[in-house]
Amino acid sequence: MAYPSEYRYTKEHEWLKIDGNTGTIGITDYAQNSLGDIVFVELPKVGTEIKVGKTFGTVESVKAVSDLYAPVSGTVSEINNELSTAPENVNKDAHAAWMIKVNLKDSAEANQLMSSADYEKFVAEES
């Protein structure tokens, strides 16, 4: 699996795409593959403050419920409402099925995240 090089990655398998002051967050293909069929996604409301490293929602699959961890701090500006009726979109294309968008508090936090090459190495060691 090729991980988009313009994204940054967490050890908890979230991805972050930065566009100006906005961060778009989702889970990686590795994560959705590990979870199996996703049946429910719980996301925060618009206006919620999220903090780097803290949980901001959950993904429920036929196998388990997994927490979602914020790769950066900020205020939720948008949620992907499509996922409430079609959570399986995450399984279809995890790198396109974003979950939330945030107004970044400090874009420098992204510098602590892994590049796509580092993330690929990380998941290869985990498998």
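Report follows, based on the coordinates. (Residues numbered from 1 in each chain as written. Predicted model: local features only at pLDDT ≥ 70, side-chain atom pairs only at ≥ 80, totals over all residues. Heavy atoms only, no water.)

Digging into a nonpolar patch on the surface
Condition: What makes a patch is a set of residues exposed beyond 30% relative accessible area and free of salt bridges, joined within 9 Å when like-charged and within 5 Å when nonpolar (Val, Leu, Ile, Met, Phe, Trp, Tyr). Per-residue and other accessible areas follow the Shrake-Rupley method at a 1.4 Å probe size, with only the shown protein chains counted as cover for residues. Definition used for salt bridges: Asp or Glu carboxyl oxygen within 4 Å of a side-chain nitrogen of Lys or Arg. The secondary structure listing takes helices from DSSP runs of H or I that are at least 4 residues long and strands from runs of E that are at least 2 residues long, numbered from the N terminus.
Together, Val 39, Phe 40 and Val 62 give the surface a local cluster of nonpolar side chains, amounting to about 280 Å² of exposed area. Summarising the element assignment, Val 62 is placed in the loop between strand 6 (55-61) and strand 7 (65-69).

Structural notes on the sheet that holds strand 1 (residues 8-9)
In plain terms, the rule: Two strands are counted as paired when DSSP detects at least two bridges linking them.
Taken in spatial order, the six strands make up an open sheet running 1-2-3-9-8-5, and their pairing is antiparallel. Two strands close off the open sheet at either side, each with one partner strand: strand 1 and strand 5 (49-50). Sheet topology places strand 1 next to strand 2 (residues 14-19); two bridges connect them, and they run antiparallel. Of the residues in strand 2, the one forming a bridge with Tyr 9 is Trp 15.

Brief notes about the pairing of strand 7
Relative to strand 7, strand 6 is paired through five bridges, and the arrangement is antiparallel. Across the sheet, residue Val 59 finds its bridge partner in strand 7, namely Ser 66. Between the end of strand 6 and the start of strand 7, which pair antiparallel, lie three residues.

Here we look at the pairing of strand 9 (residues 100-104)
Short version of the rule: Remark: exposure states derive from per-residue accessible area (1.4 Å probe, protein chains only) relative to the maximum for the residue type, with buried under 20%, exposed over 50%, and partly exposed in between.
On strand 9, burial follows the alternation: Ile 100, Val 102 and Leu 104 on one face are buried, whereas Lys 101 and Asn 103 on the facing-out side are not. By the bridge criterion, four bridges tie strand 3 (residues 22-27) to strand 9 in an arrangement that is antiparallel. Within strand 9, the position partnered with Thr 24 by the bridge is Lys 101. As judged from the five bridges shared by strand 8 (residues 74-79) and strand 9, these two strands associate in the antiparallel manner. By the bridge assignment for strand 9, Val 76 is matched with Val 102.

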